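Spelled out from the first residue to the last, the chains are:
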Protein chains: 2
Amino acid sequence: MDKPATIKDVAELARVHAATASRALNPQTRDKVSPRTAARIVEAARTLGYSPNSAARSLRTRTSSVVGVVIPDLRNPVFPPIVRGVEDALREAGYLALLGNTDGDAERERDLLTTMRGQQLAGFILATSRRDTLPPLGPDVSVVLVNRRTEAGDIASVVPDSGAGVRAVVNLLVERGHRRIAHLAGPQDTSTGVERHRAFLDGLAAHGLSPVGVVVSAAFTEQAGYEAAQELLAGSAAVTAIVAGNDMIALGCYRALEERGLRCPEDVSVTGFNDMPFLDKQRPALTTVRIPHYDIGYEAARLLLERIANPGAPAKRVVLPVQLITRDSVTSPASPA
Amino acid sequence: MDKPATIKDVAELARVHAATASRALNPQTRDKVSPRTAARIVEAARTLGYSPNSAARSLRTRTSSVVGVVIPDLRNPVFPPIVRGVEDALREAGYLALLGNTDGDAERERDLLTTMRGQQLAGFILATSRRDTLPPLGPDVSVVLVNRRTEAGDIASVVPDSGAGVRAVVNLLVERGHRRIAHLAGPQDTSTGVERHRAFLDGLAAHGLSPVGVVVSAAFTEQAGYEAAQELLAGSAAVTAIVAGNDMIALGCYRALEERGLRCPEDVSVTGFNDMPFLDKQRPALTTVRIPHYDIGYEAARLLLERIANPGAPAKRVVLPVQLITRDSVTSPASPA
DNA sequence: TTGTATGCGTTATCAA
DNA sequence: TTGATAACGCATACAA
């Protein structure tokens, strides 16, 4: 097994031409060769431990069984399950995942895509969340967007039904008697931040309510959430409930409340978004919206594989349901407005 | 930008032959072409958005700029930072990471490696933790092990100094006055489980102590830790401190203690291992050992790149220091033995 | 310093 | 049904 066997070696052993061996070994074209010789070739391939050189194949076919997966940062807890779902779906189809982090940096994203484009990838799964940049990929490459959609709807995408999630949160709060509800929005240069903000306003409006305050958090982090919450609490009077743009912001909100001597949920109810791990172990356990991250990744990969197999078909846009997770951080306000 | 530009296009635009363009674009051979023409070629490449076809290059050079990264499960919180570190180091060198999960399944690992081997990868980073299986890769492929070492020491590896970490934990407990110390060990078919168990025994022995109880947890999960802790608490009398095999097991231990009406740390001190996210927000905040996951990944990738550049060099074995993180889950025993 | 020629391993096209 | 041939894009030995 010093030099890996080539298709020529297989052909020689099976006493056929390399082209015939190629046909026999490729499921697509196996029926173009007689069963008897095909069997001989397969046998020869096995005894030689032949495994096709993917570089040569890619060069010839201008594609590969590798998919590029681009995310902002793997350390953000929403991405591991997404990537895992992607990988599982890809593997079932014999594909592999090439992973890249961008840190949300447009230039880094561009570099990464350029590098990846040189790899003859079969397609891309883009889970980046900046709103402005659209991937500089040709129209011929298969792409599936995760957590984001194009206005035009010309690119396939998989997103959670965030709007429904935020509205469910708002409905819960209103049902519990809250009227003075504020929002700690995520960064407004991200699609998720904008989307949830809009849904928050819509949700309130459906009850004839207006927000008692909205502060945009500088990032989806605990620290930024903490700072935004400070600002909110300093400014608005008598907030009874805060809808945070995500779980991290909600945790920052916990800290700000504690610092001001406010109890959660007795004084202020708080909700998150995403249902990260260990939220059930926070004090208080955070009421939030569970996003089916794994399923999103899995579905995105399935969609991509579909598009690779059938590039002409219209771009599907999948919306996955979310789930309200009711825990301890929401209760009725002490003095209903 | 429909058809990606080839080196021929670049050469044409720069009015040179493709071979010259190749030389100019390759750092290795850039000095074999005059600075003026080189500049012209680089400029042409940029205007065309040229990125080399890696399939062609791999076919020619019999290698690629892609590295296989194999882990058990990305959803285990120790792996995202490791993979991120790997990716960062690889990217600095122009390499990409092909990611695969094995779920600790030996067969799946074998399949994955076989598939990856067909991709002309430049090397592998193996972060799997089963002790029995050794990767079925030829001696010619570059490999770096993460969190694990071979007995023979013939394969490069990067590991945290887990022994020192466990001993630091034991020392802390002994300093605080604990004498009746037990261990909830991780699965003994993993290298980490075995290693920490041994270090626990050594650490106690250094103080002339013997363990008051050792129960092996079926897995590195909260549930398994919970069950193991139940068994431990039912069996041994008067444990004052428990050293858990990792943070998840420690959290399971929390639950078991609570169920038995025991308070942590007043009745029983508990320690973890890994310093997962959000441990500081647990109740009580968990005293644990911080592993430099990102650095481990980064260093592993650096090592691999070194080996790729210089396959003949002896295999380095890097041990990274760990850090004791003292929080609230350890205190002095109520009644020192 | 630059150009020419060749081959890496595979598969698509054409001919037999 | 099978064989011959060419080409995918790049890097390198050799010639100029």
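Nothing here was measured: the structure is a model prediction, and the numbers come from that model. (Residues numbered from 1 in each chain as written. Chains lettered and ligands numbered in written order. Predicted model: local features only at pLDDT ≥ 70, side-chain atom pairs only at ≥ 80, totals over all residues. Heavy atoms only, no water.)

A. Spotlight on the overall build of chain A. Helix and strand content of chain A: 11 helices and 12 strands. Relative to the compact-globule value of 20 Å for 337 residues, chain A shows a C-alpha radius of gyration of 26 Å, a clear excess of over 25%. The principal-axis extents of the C-alpha atoms in chain A amount to approximately 90 × 35 × 30 Å. For chain A, buried positions account for 53% of its 337 residues. Considering only contacts in chain A between residues 6 or more positions apart, those separated by 24 or more positions represent 70%. In chain A, the 39 positive side-chain charges and the 37 negative ones have mean positions that sit 8 Å from each other. (Helix = DSSP H or I, 4+ residues; strand = E, 2+ residues; numbered from the N terminus. Rg over C-alpha atoms; globule rule 2.2 N^0.38 Å. Buried < 20%, exposed > 50% of the residue type's maximum accessible area, 1.4 Å probe, protein only. Contact = heavy atoms within 4.5 Å. Lys, Arg positive; Asp, Glu negative; His and termini not counted. Charge placed at Lys NZ, Arg CZ, Asp CG, Glu CD.)

B. Summary view of the interface of chain B and chain A. The interface of chain B with chain A comprises 48 residues on the first partner and 49 residues on the second. Across the interface of chain B and chain A, roughly 4300 Å² is buried in total on both sides, 57% from carbon and sulfur atoms. When the buried surface of chain B facing chain A is broken down by residue, B:Arg84, B:Leu96 and B:Phe278 rank first, second and third, together holding 16% of it. Taken together, the links from chain B to chain A amount to 8 salt bridges. A:Lys281 serves as the salt-bridge partner of B:Glu222, at 3.3 Å between the closest nitrogen and oxygen. Across the chain B-chain A interface, the total number found is 20 residue pairs in polar contact (both at pLDDT 80 or more). (Buried area = accessible area lost by both parts, 1.4 Å probe. Salt bridge = Lys/Arg side-chain N within 4 Å of Asp/Glu carboxyl O. Polar contact = N/O pair within 3.5 Å; in protein donor to acceptor, adjacent residues only side chain to side chain.)

C. Fine view of the relation of the copies chain B and chain A. You can overlay chain B on chain A at an RMSD of 1.1 Å; the transform is a turn of 180° with a shift of 0.7 Å along its axis. Considering both components of the superposition, the chain copies are consistent with a two-fold axis. When C-alpha positions in chain B are compared against the rotation axis, the closest is assigned to B:Ala55, at 2.0 Å. An overlap of 96% is found between the interface residues of chain B and their copies at the interface of chain A, pointing to a shared contact surface. (Least-squares fit on C-alpha atoms with pLDDT ≥ 70 in both.)

D. The arrangement of the domain arrangement of chain A in detail. Residue and element names in this part refer to chain A. With domains assigned, chain A is organised as domain 1 (7–52), domain 2 (60–160 + 292–321) and domain 3 (162–291). On a C-alpha basis, the centres of domain 2 and domain 3 stand 30 Å from each other. The partner domain 3 presents 12 residues to the 11 residues of domain 2 that form the contact. Counting the surface lost from both domain 2 and domain 3, the interface buries some 1000 Å², and carbon and sulfur atoms represent 55% of this. At the boundary of domain 2 and domain 3, one finds 0 salt bridges. For the interface between domain 2 and domain 3, the tally reads 3 residue pairs in polar contact (both at pLDDT 80 or more). Class assignment of the residues belonging to the side of domain 2 that touches domain 3 gives a composition of 5 nonpolar, 3 polar and 3 charged. (Domains from an automatic or database assignment. Nonpolar A, V, L, I, M, F, W, Y, C, P; charged D, E, K, R; others polar.)

E. Up close: the packing of aromatic side chains. Residues and elements named next belong to chain A. Applying the stated criterion across every chain, the model contains 2 aromatic pairs over all chains. Relative to Tyr-298, the ring of Tyr-294 has its centre 6.2 Å away and its plane inclined at 25°; by these criteria the two rings are stacked. Residue Tyr-294 and its partner Tyr-298 are both found in helix α11 (residues 293–309); the two are separated by 4 residues, about one turn of the helix. Note that Arg-255 overlies the ring of Tyr-226, its terminal NZ or CZ placed 3.9 Å from the centroid. (Phe/Tyr/Trp six-rings, centres within 6.5 Å; stacked < 30°, edge-to-face > 60°. Lys NZ or Arg CZ within 6 Å of the ring centre and 35° of its normal.)

F. Region of the structure containing the protein's contact with DNA strand C. In the region of DNA strand C, 24 residues are neighbours, and A:Ile7, A:Tyr50, B:Thr20, B:Arg23 and B:Arg60 sit closest. Atoms of DNA strand C within 4 Å of the protein belong to the sugar or the phosphate in 61% of instances, the rest to bases. A:Asn53 is positioned with one of its backbone polar atoms (N or O) 3.2 Å from a phosphate oxygen of DNA strand C. B:Arg62 places a polar side-chain atom, nitrogen or oxygen, 2.9 Å from a phosphate oxygen of DNA strand C. When contributions to the surface near DNA strand C are tallied by element, the ones reaching two or more residues are α2 (18–25) and α4 (54–61) of chain A together with α2 (18–25) and α4 (54–61) of chain B. In terms of residue count, the dominant contributor to the surface near DNA strand C is α4(A) (4 residues). (Near = heavy atom within 4 Å.)

G. Region of the structure containing the packing of helix α1 (residues 7–14) of chain A against helix α3 (residues 35–48) of chain A. Residues and elements named next belong to chain A. At a closest axis distance of 8 Å, the pairing of α1 and α3 adopts a crossing angle of 125°. One way to sum up the angle between α1 and α3 is to call them oblique. Pair α1 / α3 crosses with right-handed handedness. The residues of α3 that touch α1, namely those facing Asp-9, Val-10, Leu-13 and Ala-14, are Arg-40, Ile-41, Ala-44, Ala-45, Thr-47 and Leu-48. (Axes fitted to C-alpha atoms, helices over the stretch in contact; angles between N-to-C directions. Parallel < 35°, antiparallel > 145°, perpendicular 65-115°, else oblique. Left-handed = near helix turned anticlockwise from the far one by under 90°.)

H. A look at the side chain of B:Asn101. Within the secondary structure, B:Asn101 is located in strand β2 (residues 96–101). A distance of 2.4 Å separates the side chain of B:Asn101 from the side chain of A:Glu87, its partner in a polar contact. The contact partners of B:Asn101, leaving out residues within four places of it in the chain, are A:Arg84, A:Glu87, A:Arg91, B:Ile71, B:Pro72, B:Asp73, B:Leu74, B:Arg108 and B:Leu112.

I. Representation of the environment of B:Arg179. All names here are of chain B. Structurally, Arg-179 is set in the loop between α7 (162–175) and β6 (181–185). A sequence separation of 154 residues divides Arg-179 from Pro-333, and the C-alpha atoms of the two residues are 9.0 Å apart. A distance of 3.2 Å separates the side chain of Arg-179 from the backbone oxygen of Val-174, its partner in a polar contact.

J. Structural view of the protein's contact with DNA strand D. If you check the shell around DNA strand D, you find 24 residues, and the closest are A:Thr20, A:Val33, B:Ile7, B:Tyr50 and B:Arg57. Here the atoms of DNA strand D within 4 Å of the protein split so that 61% fall in sugar or phosphate, with bases taking the remainder. Between a phosphate oxygen of DNA strand D and a main-chain N or O atom of B:Ile7, the distance comes to 2.4 Å. With respect to DNA strand D, the backbone of B:Ala56 contributes an N or O atom lying 3.2 Å from a base nitrogen.

K. Quick look at the sheet that holds strand β8 (residues 241–244) of chain A. Residues and elements named next belong to chain A. Reading across the sheet, the 4 strands line up as β7-β6-β8-β9 and stay open at both edges, with parallel pairing between neighbours. Looking at the sheet topology across the chains shown, the edges are occupied by β7 (213–216) and β9 (269–271). Sheet twist, expressed as the average angle between the axes of neighbouring strands with direction ignored, equals 15°. Inspection of the sheet shows β8 paired to β9 by 3 bridges, in the parallel sense. The residue of β9 that forms the bridge with Val-243 is Thr-271. Taken strand by strand, helix α8 (residues 191–205) contacts β6 (181–185), β7 and β8, and its axis lies near 170° from that of β6. On top of the sheet, helix α10 (residues 247–259) reaches β6, β8 and β9; it is set at about 160° to β9, its chief contact. (Pairing = 2+ DSSP bridges.)

L. Up close: the sheet that holds strand β1 (residues 66–71) of chain A. Taken in spatial order, the 12 strands line up as β11(A)-β5(A)-β4(A)-β3(A)-β1(A)-β2(A)-β2(B)-β1(B)-β3(B)-β4(B)-β5(B)-β11(B) in an open sheet, and their pairing is mixed. With one partner strand each, in any of the chains shown, β11 (317–320) of chain A together with β11 (317–320) of chain B form the two edges of the open sheet. Neighbour to neighbour, the strand axes of the sheet diverge by 20° on average, direction disregarded. With 4 bridges joining them, strand β1 (residues 66–71) of chain B and strand β3 (residues 123–126) of chain B adopt parallel strand pairing. Opposite B:Val70, over in β3(B), you have B:Leu126 as the bridge partner. Against the sheet, α11(A) touches β1, β3 (123–126), β4 (143–146), β5 (156–160) and β11 of chain A, its axis set at about 170° to β5(A).

M. How the structure looks around unusual backbone geometry. A cis amide bond links A:Cys264 to the next residue, A:Pro265, at an omega of 10°. Relative to the helices and strands, A:Pro265 resides in the loop between α10 and β9. Following A:Arg283, the chain continues into A:Pro284 via a peptide bond in cis, with omega recorded as -5°. Topologically, A:Pro284 is positioned in the loop between β9 and β10 (288–290). Residue B:Asn274 is not a glycine yet carries a positive backbone phi of 125°. Tracing the backbone shows B:Asn274 in the loop between β9 (269–271) and β10 (288–290). A residue is classified by how much of its surface remains accessible, and B:Asn274, at 8% relative accessible area, is buried.

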